[in-house]
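In case you want the letters, here they are:
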Amino acid sequence: MLRTQTCGELTAENEGQVAVLIGWVDAVRDHGGVRFVDLRDRYGRTQVTLHPDNLGGAEIPTLRAEQVLRIEGAVNMRPDGMRNPKLTTGDIELIATSVQVVGDCPALPFDLSDVGGGDVNEELRFQYRFLDMRRDSVKRRFILRSDLLHELRQFLHGEEFVELETPVLTKSTPEGARDFLVPSRLNPGEFYALPQSPQIFKQLFMVAGFDRYMQIVRCFRDEDLRADRQPEFTQLDLELACVEEDDVIDVVERMVAQVISRLKGIDIPTPFPRLSFADSVARYGTDAPDLRSPLVLETLDDLVDRIPFNIFQKAVEAGGHVKGLRIPGGGAWSRKVVTELEGFVKNFGAGGLAWVKSNEDAWVGPLSRFLEGESKTLVAERMHAEVGDLLLFVADAKKSVVNQSLAQLRKEIARREGHNDPEQLAVCWVTEFPLFDSDDDGNPTPCHHPFTAPHPEDVGLLDSEPLRARARAYDLVLNGFEIGGGSIRIHQRDLQERVFQRIGIGPEEAVEKFSFLLEALKYGAPPHGGIALGIDRLAMLLVGDSSIREVIAFPKTQRGGCPLTDAPSPVDPAQLAELGLELAPKVPAPTE
Ligand code: ASP
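Just so you know, these numbers come straight off a predicted model, no measurement behind them.

So, how was this worked out
- Residue positions are counted from 1 within each chain, in the order its sequence is given.
- Only residues with pLDDT of 70 or above have their local features reported here, since the model is predicted, and side-chain atom pairs are shown and tallied only from 80 upward, although totals for entire chains, interfaces and linings are computed over all residues.
- Side-chain descriptors were evaluated using all non-hydrogen atoms of the structure, hydrogens and water having been removed beforehand.
- Near, as used in this document, describes a residue that has one of its heavy atoms within 4 Å of the molecule or strand being considered.
- For the purposes of these results, a polar contact is taken to be a pair of N or O atoms within 3.5 Å, where, inside protein, one atom must be able to donate a hydrogen and its partner to accept one; residues adjacent in sequence count only when each atom of the pair is a side-chain atom.
- Accessible areas in this description were obtained via Shrake-Rupley with a 1.4 Å probe; residue shielding takes into account the shown protein chains only.
- Put simply, DSSP H or I for four residues or longer makes a helix, DSSP E for two residues or longer makes a strand, and each gets a number counted from the N terminus.
- Relative accessible area decides the class of each residue, using a 1.4 Å probe on protein chains only: under 20% of the type maximum gives buried, over 50% gives exposed, and in between gives partly exposed.
- Nine residue types can take part in a nonpolar core, namely buried Ala, Val, Leu, Ile, Met, Phe, Trp, Tyr and Cys, and a core is a set of them joined through side-chain atoms within 4.5 Å.
- The contact definition used throughout considers only heavy atoms, calling two residues in contact when any of these lie within 4.5 Å.
- For this analysis, a salt bridge means a side-chain nitrogen from Lys or Arg found within 4 Å of a carboxyl oxygen belonging to Asp or Glu.
- What a helix is expected to span follows from its residue count: subtract one and scale by 1.5 Å.
- Note on ring pairs: Phe, Tyr and Trp rings are taken, using the six-membered ring of Trp, and paired if centres are within 6.5 Å. Classes follow the plane angle, with under 30 degrees stacked, over 60 edge-to-face and the rest tilted.
- For two strands to pair, DSSP has to find at least two bridges joining them.
- What counts as an axis is a line fitted to C-alpha atoms, over the stretch in contact for a helix, and the angles between N-to-C directions run from 0 to 180 degrees.
- Any angle between 65 and 115 degrees counts as roughly perpendicular, while under 35 counts as roughly parallel, over 145 as roughly antiparallel, and the rest as oblique.
- By convention the crossing between two helices is left-handed if the near helix lies anticlockwise of the far one by an angle smaller than a right angle, and right-handed if it lies clockwise.

*Asks:* Just give me the short version of the site of the ligand, but keep the residues and values in it.
*Replies:* Residues in contact with the ligand amount to 14 residues; listed here are only the nearest, Glu175, Gln199, Lys202, His448 and Arg489. The contact in question runs from an oxygen atom of the ligand to an N or O atom on the side chain of glutamine 235, over 2.9 Å. The contact in question runs from an oxygen atom of the ligand to an N or O atom on the backbone of isoleucine 531, over 3.4 Å. Protein coverage of the free-state accessible area of the ligand, which is 270 Å², stands at 93%.

*Asks:* Before we move on, can you summarise the environment of glutamate 372 with the specific residues and values?
*Replies:* Following the sequence through the fold, glutamate 372 ends up in the loop between β15 (363-364) and α9 (374-383). Here glutamate 372 falls in the exposed class, since its relative accessible area comes to 56%. Sequence separation between glutamate 372 and proline 308 is 64 residues, and the spatial gap between their C-alpha atoms is 9.6 Å.

*Asks:* Could you give an account of the nonpolar core, with specific residues and numbers?
*Replies:* If you look at the biggest cluster of nonpolar residues, it comprises 72 residues, and the most contacted ones within it are Leu156, Leu236, Leu238, Val252 and Met255. Per-element accounting of this core gives the leading share, 8 residues, to helix α5 (residues 245-264). Apart from residues lying up to four places away in sequence, leucine 238 is in contact with Leu156, Phe161, Lys202, Tyr213, Met214, Val252, Met255, Arg489, Gly530 and Ile531.

*Asks:* Residue-level account of the pattern of salt bridges, with values.
*Replies:* A complete count under the given rule lists 49 salt bridges for this structure. With its nearest N and O atoms 3.3 Å apart, the salt bridge here joins glutamate 340 to lysine 336. Remark: lysine 336 and glutamate 340 occur in helix α8 (residues 335-346); sequence separation between them is 4 residues, near one turn of the helix. By relative accessible area, glutamate 340 is classed as partly exposed at 33%. With relative accessibility at 59%, the residue lysine 336 sits in the exposed group. Linked by salt bridges that have partners in common, Arg125, Arg129, Asp132, Arg135, Arg141, Asp545 and Glu550 make up one network.

*Asks:* A description of α5 should follow, citing residues and the corresponding values.
*Replies:* For the α-helix, the turn length of 3.6 residues means that residues three or four positions removed from each other point alike. Here α5 spans 28 Å end to end across 20 residues, near enough to the 28 Å set by a 1.5 Å rise per residue. Along α5, the residues that are buried comprise Val248, Ile249, Val251, Val252, Glu253, Met255, Val256, Ala257, Val259 and Ile260.

*Asks:* I'd like a rundown of helix α4 (residues 199-207), residues and numbers included.
*Replies:* α4 sits mainly inside the fold: 7 of its 9 residues count as buried. Those residues of α4 that are buried lie in contact with β9 (212-220), β10 (232-241), α13 (507-522) and β22 (528-534). Positioned one or two residues after α4, glycine 209 has a phi angle of 90 degrees, which is positive.

*Asks:* Now, about the packing of aromatic side chains: what can you tell me, with residues and values included?
*Replies:* Aromatic ring pairs are reported here in terms of the distance separating the ring centres and the angle at which the planes meet. Taken as a whole and assessed by the stated rule, the structure comprises 13 aromatic pairs. Arranged with centres 5.9 Å apart and planes meeting at 65 degrees, the rings of tyrosine 128 and phenylalanine 130 form a pair that is edge-to-face. Residue phenylalanine 130 is classed as partly exposed on the basis of its relative accessible area of 47%. For the ring pair phenylalanine 205 and tyrosine 213, a centre distance of 5.3 Å and an interplane angle of 35 degrees mean the geometry is tilted. Grouping residues by exposure puts phenylalanine 205 and tyrosine 213 together as buried. Pairwise contacts between aromatic rings join Phe309, Phe312, Phe370 and Phe393 into one cluster.

*Asks:* Lay out the environment of leucine 94 with the relevant residues and their values.
*Replies:* Checked against the element boundaries, leucine 94 lands in strand β5 (residues 92-103). As for leucine 94 and glutamine 47, which are separated by 47 residues in sequence, their C-alpha atoms are 6.3 Å apart. Those residues in contact with leucine 94 that sit more than four places away from it in its chain are Leu10, Ala19, Leu21, Gln47, Val48, Thr49, Ile71, Gly73, Ala74 and Val75.

*Asks:* Explain the sheet that holds strand β4 (residues 68-77) to me, using residue names and the numbers behind them.
*Replies:* Sheet strands associate in pairs through backbone hydrogen bonding, adopting either a parallel or an antiparallel arrangement. Reading around the barrel, the 5 strands line up as β1-β2-β3-β5-β4 and close back on themselves, with mixed pairing between neighbours. Neighbour-to-neighbour, the strand axes of the sheet open up by a mean angle of 55 degrees, direction not taken into account.

*Asks:* How would you sum up the packing of α8 against helix α10 (residues 399-417)? Please name residues and give values.
*Replies:* Direction vectors running N to C along α8 and α10 enclose 140 degrees, while the axes themselves pass 10 Å from each other. When the interaxial angle is binned, α8 and α10 end up oblique. With respect to the hand of their crossing, α8 and α10 are arranged in right-handed fashion. Between α8 and α10, the contacting residues are Val337, Glu340, Leu341, Phe344 and Val345 on the first element and Ser405, Gln408, Leu409, Glu412, Ile413 and Arg416 on the second.

*Asks:* Please give an account of the side chain of aspartate 458 that cites residues and values.
*Replies:* The residue aspartate 458 is located in the loop between β19 (444-446) and α11 (461-464) in this model. Note on aspartate 458: relative accessible area 6%, which makes it buried. If we ignore the near neighbours within four places in the chain, the residues touching aspartate 458 are Arg468, Ala469 and Arg470.

*Asks:* Outline the pairing of β9, supporting the account with residue identities and numerical values.
*Replies:* For β9, the tally of buried residues reaches 7 of 9 residues, placing the bulk of the element in the interior. Where strand β6 (residues 162-163) meets β9, 2 bridges bridge the pair, whose relative direction is parallel. Across the sheet, the residue bridging to glutamate 163 is methionine 214, located in β9. The pairing of β9 with β10 spans 9 bridges and is antiparallel. What sits directly across from isoleucine 216, in β10, is leucine 236.

As structure tokens, then:
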């Protein structure tokens, strides 16, 4: 036996026993001839006492942080006053009778004792992720992630979901991003695509009669990276047959509530709140609202004719918006803070921030001279203003600028006001998304993906006014992050062909790209729908972090590189030749 116990196991009950431990040197303390080593592994720490007299005359080897030691010794009670009630092993020490350095370690690239590694350069931490992961705070995140996957599987297996796998070398399925391509050696000039999601395969499982499918699956999208995005990410992918929106929502709510209660001890009441896409954008400026903040946007569009402020009127005339945010008690905020907020919204394209404070005696601030008599009453009513508030407004000819800048401002104010406690989990559904967005040329492009069913009342709009058609799609939002999205699917071949046509995929192209789906829809397809949950984002929120890289073992940097392996990297010309590929002259990398 290489070891008899782990470093988190020995207690007073083992007193007098011989034990052999293997662990990393967490700390060494020298007390004139006697050395104390804290030996650490995943399970805990054990104090080892090294004294030459007990080592049969053998010399104590040179000890350095993070070496792996194998230590044999006797379990001894620590003297009174030396016990550490915070450790499971805090009552005992191991009196070493033999010490072996089984894995030596040079000077470390960074100090592992910093809790969480906050001040160590991220790239260096990811280059030496195997060291970074030795910290308790980092290890805890991955153990929580593992528990999350276990809990999800357990719940779903209990609900009769079947775990099925889908290919990684496959054909492109559109989820709206660029594909990663893999050249085929056996079919020169041809490529596989890595799946953006197993969307079509899971629909085929429904046609095959599996009824309830689950998979924890890696997906790949070649997109520009952000703190909450990686080129490869993990989804919990689900599909159910014979369901409507409420059925999918019900299973997911019960699953999420159970898992969060078990992992975090937080009870989230079901049913989760639901908001339509239109309401979400109207009230929060975004389709992924963070409901930990009580602030709500109000629109003034219908009032601008009665507010003698030119900028407001012009914005609405040009087809834009005037919207405002009321900050209760913000009347006490300093001019400096308001100036900071003005600068903040400009980062999101807003021309400025109009504001007024509703002080006890009068309204003050740049907007106050336009708000007198009727206009003041109207604005006060619409904003639900009370004495001591700060009212902030953005006007722009582009609705998206108003919504985005106020959504960000709402977030910023939540941060300043402490409405961003990671231990508070605010979840909601956003439903009734539009079926299509318009692309740069004004043509419809799927908001979710082209397999999403239109709202039954809106099928008629497909030809006349496609941009007004609603989708049977839903997103799950947690603390301002979309953690899941799905839809009821089209299960009739003719409707699927019509939607393809609408987004510019003619019959020939549809057959070339999706014949396997169109074929399957011909052979008795039941109604079905599903959802995919982003495991990385969910794990990130459950550990209370703000970057998904922290919950991915070996993450990529913002430029898509792997600091550990140095991928992507050039390949041997012989490998290219084998694939029938030749490199074009180098073009400069795109700038962000
Ligand atoms: N395949 C979709 C996605 O990855 C999810 C779904 O519709 O189930 O976003």
